[in-house]
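Residue strings, one per chain:
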Amino acid sequence: MNSARPASSPTIALALGAGGARGLAHVAVLEALDDLGLPPVEIAGTSMGAILGAAYAAGLTGREIRAHLLGLLRDRAGVMSLLLRARIGRFKDLFSGGFSNPVLIDGEVFLDLFWPKAVPDRFEELKLPFTAVATDFAGRCETAFNSGPLAPAVAGSMAIPGLVKPVMANGRILVDGGAVNPLPFRGLLSRADLVIACDVTGGPVADRAGAPSPFEAMFGTAQIMQNAITSEMLKVSRPDILLVPAVQGFRVLDFFKAAQILAAAEPLRDEIKRAIDAHLENILKSPVEPS
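Residue indices follow the written sequence of each chain, beginning from 1 at its first position. The model is predicted, so local features are restricted to residues of pLDDT at least 70 and side-chain atom pairs to those at 80 or more, both for listing and for counting; the totals for chains, interfaces and linings are taken over all residues. In computing side-chain values, all of the structure's heavy atoms are included and hydrogens and water are not.

**Q** Lay out the packing of aromatic side chains with the relevant residues and their values.
**A** Pairing of aromatic rings covers Phe, Tyr and the six-membered ring of Trp, with a centre-to-centre limit of 6.5 Å; geometry is then stacked below 30 degrees between planes, edge-to-face above 60, and tilted otherwise. Scanning all chains against the criterion turns up 2 aromatic pairs. For the ring pair phenylalanine 110 and phenylalanine 114, a centre distance of 4.4 Å and an interplane angle of 25 degrees mean the geometry is stacked. In this pair, phenylalanine 110 and phenylalanine 114 both sit in helix 5 (residues 107-114), 4 residues apart, roughly one turn of the helix. For the pair phenylalanine 110 and phenylalanine 114, a shared accessibility class is recorded, and that class is buried. Relative to phenylalanine 130, the ring of phenylalanine 123 has its centre 5.9 Å away and its plane inclined at 15 degrees; by these criteria the two rings are stacked. Neither phenylalanine 123 nor phenylalanine 130 differs from the other in exposure class; each is buried. Counting from the N terminus, the helices are DSSP H or I runs at least four residues long and the strands are E runs at least two residues long. Remark: exposure states derive from per-residue accessible area (1.4 Å probe, protein chains only) relative to the maximum for the residue type, with buried under 20%, exposed over 50%, and partly exposed in between.

**Q** Can you explain the pattern of salt bridges? Please cite residues and give values.
**A** One side-chain nitrogen of Lys or Arg within 4 Å of one carboxyl oxygen of Asp or Glu is enough to make a salt bridge. Counted under the stated rule, the structure contains 12 salt bridges. Between arginine 251 and aspartate 254 there is a salt bridge; the shortest N-O distance is 3.6 Å. Judged by relative accessible area, which is 46%, arginine 251 ranks as partly exposed. Close ionic contact of glutamate 266 with arginine 269 constitutes a salt bridge, the shortest N to O distance being 3.4 Å. Overall, glutamate 266 belongs to the partly exposed group, its relative accessible area being 34%. Overall, the relative accessible area of 17% leaves arginine 269 in the buried class. Bridged by salt links that share partners, the residues Glu31, Asp35, Arg66, Glu266, Arg269 and Lys273 form one connected network.

In structure tokens form, the structure reads like this:
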């Protein structure tokens, strides 16, 4: 990662949002910041944004993360084998109560199997400050982690109900951060000159023939909810640069379409550069307050 930043360049804080496979588009944002030599002074991530944000905060470049994802997802059989290793529960658990069922994924095992090996065990070992946003299930509220063990916090942030097991951390039950804060930019607004947020919740999609499957309806409804929450948040406050890649046509679990998602996100690289240049130009044009 190019960490050299010209003295005249702004400090950047980066928010990476929830969106399942659509969140692979965040890689284009990371690559653009690398190209500019502008490492964020702080990163916040929810769900897929937390998974990728932690990897970037660990010191991997956007290009390295892209290569890791594409290499991994080219091997469909290998991915399915790893998912089976991360699966918990048996069919009889459907009737026993608790968190187990035959399709749930253990998020911490998942991260251990799928994260690049360079990602450390603790927040304190990251090269950039990073915050993972999850939902406190009992408290019905957002909870953020920026210290202590990394994997439980990120696993909690990605704990999509019905797919990933809730996580016990610090005496709390954690579920998907997208339930309360799909685009975690608000906590960054006073932390840098420019706050960049990448929203991958997805907007309206083209009409389709036939009803969605029950599985698709469940995850699609969650995405609609997250998009509605994000829209309300943006009415109250906004990041300096809001990026919305054209990934609404992809579904939450379209991970094997990684190459297509990354291609759809490619225009973000130039968009970020133009937006940062425009903000710098506005700053230079602003009158200097007399001391």
